Amino acid sequence: MNIQIFGTKKSADTRKAERYFKERRIKYQYIDMKEKGLSKGELQSVAQAAGGIGALIDPQSKDEDMLARFRYTDPSQQMELLLENQQLIRQPIVRNGRQATVGYEPEIWKNWQ
């Protein structure tokens, strides 16, 4: 497994995801989204694995204005807007090769080989 966890230290679900992999002695790479966000290719890959760009959006995002702007943006422009405003992304994003989850999903992670 080649696990990557994208998130922030303030996110409780990100900390829970890190603890999940630590407890099972599974090595992972942590990427702080405040320091280094997702690249365009990574974002597209995660969106595809998660079921579309809408699955990446955190409905409880603190940036309500940007969240509203995202919802009313033409779908062809949403990827660029999300790339520039990654605070709208639900955390953590956990990747294992081409597989990815958004949010705390231990039921899915336990089936990863």
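Figured I'd write up the structure that's included with this text. Because the structure is a prediction, the values reported are computed rather than measured.

1. Observations concerning the sheet that holds strand S1 (residues 3-7)
Right, so step 1: What the four strands build is an open sheet, ordered S2-S1-S3-S4; its pairing is mixed. Each of the sheet's edge strands pairs with one partner strand only, and the pair in question is strand S2 (28-32) and strand S4 (99-102). Strand-to-strand, the axes of this sheet are offset by a mean angle of 15 degrees, without reference to chain direction.
Right, so step 2: The pairing of S1 with strand S3 (residues 93-96) spans four bridges and is antiparallel.

2. Observations concerning the pairing of S1
Right, so step 1: Summarising burial for S1: five of the five residues are buried, a large majority.
Right, so step 2: Neither face of S1 is left uncovered, since the one carrying Ile-3, Ile-5 and Gly-7 and the one carrying Gln-4 and Phe-6 both have all their residues buried.
Right, so step 3: Where S1 lies against S2, five bridges are found, and the strand directions are parallel. Bridge pairing in S2 links Gly-7 to Asp-32.

3. Comments concerning unusual backbone geometry
Right, so step 1: At the junction of Gln-91 and Pro-92, the peptide bond is cis and its omega measures out at -5 degrees in the coordinates.
Right, so step 2: One non-glycine residue, Arg-25, lies in the positive phi region at around 55 degrees.
Right, so step 3: Relative to the helices and strands, Arg-25 is located in the loop between helix H1 (12-23) and S2.
Right, so step 4: The exposure class of Arg-25 is exposed, given its relative accessible area of 77%.

4. Some thoughts on the nonpolar core
Right, so step 1: In this structure, Leu-38, Leu-43, Leu-56, Phe-70, Leu-82, Ile-89 and Ile-93 are the most contacted members of the largest nonpolar core, which totals 21 residues.
Right, so step 2: The set of elements that each furnish at least two residues to this core consists of helix H2 (40-50), helix H3 (64-71), helix H4 (75-84) and S4.
Right, so step 3: Filtering out sequence-adjacent residues up to four positions away, Leu-82 remains in contact with Leu-43, Ile-53, Leu-56, Ile-57, Phe-70, Leu-88 and Ile-89.
Right, so step 4: Ile-5, Phe-21, Trp-109 and Trp-112 belong to the second largest nonpolar core, which has eight residues in total.

5. Section: the packing of H2 against H4
Right, so step 1: Where H2 meets H4, the axes come as close as 11 Å, and the angle between the chain directions of the two elements is 120 degrees. Considering the angle they form, H2 stands oblique to H4. Between H2 and H4 lies a crossing of right-handed hand. When H2 is examined against H4, the residues Lys-40, Leu-43, Gln-44 and Ala-47 are found in contact with a partner set consisting of Met-79, Glu-80, Leu-82 and Leu-83.

6. Overview of the pattern of salt bridges
Right, so step 1: Applying the stated criterion across every chain yields a total of seven salt bridges.
Right, so step 2: Across the pair Glu-23 and Arg-24 runs a salt bridge whose closest N-O atoms are separated by 3.6 Å.
Right, so step 3: On the accessibility criterion, Glu-23 (53% relative accessible area) is exposed.
Right, so step 4: Its relative accessible area of 43% is what places Arg-24 among the partly exposed residues.
Right, so step 5: Between Lys-40 and Glu-80 there is a salt bridge whose closest N-O contact spans 2.8 Å. On the criterion of sequence distance, the pair formed by Lys-40 in helix H2 and Glu-80 in helix H4 is long-range, its members being 40 residues apart.

Reading guide: rules and limits
- Residues numbered from 1 in each chain as written.
- Predicted model: local features only at pLDDT ≥ 70, side-chain atom pairs only at ≥ 80, totals over all residues.
- Heavy atoms only, no water.
- Pairing = 2+ DSSP bridges.
- Helix = DSSP H or I, 4+ residues; strand = E, 2+ residues; numbered from the N terminus.
- Axes fitted to C-alpha atoms, helices over the stretch in contact; angles between N-to-C directions.
- Buried < 20%, exposed > 50% of the residue type's maximum accessible area, 1.4 Å probe, protein only.
- Core = buried A, V, L, I, M, F, W, Y, C linked by side-chain atoms within 4.5 Å.
- Contact = heavy atoms within 4.5 Å.
- Parallel < 35°, antiparallel > 145°, perpendicular 65-115°, else oblique.
- Left-handed = near helix turned anticlockwise from the far one by under 90°.
- Salt bridge = Lys/Arg side-chain N within 4 Å of Asp/Glu carboxyl O.

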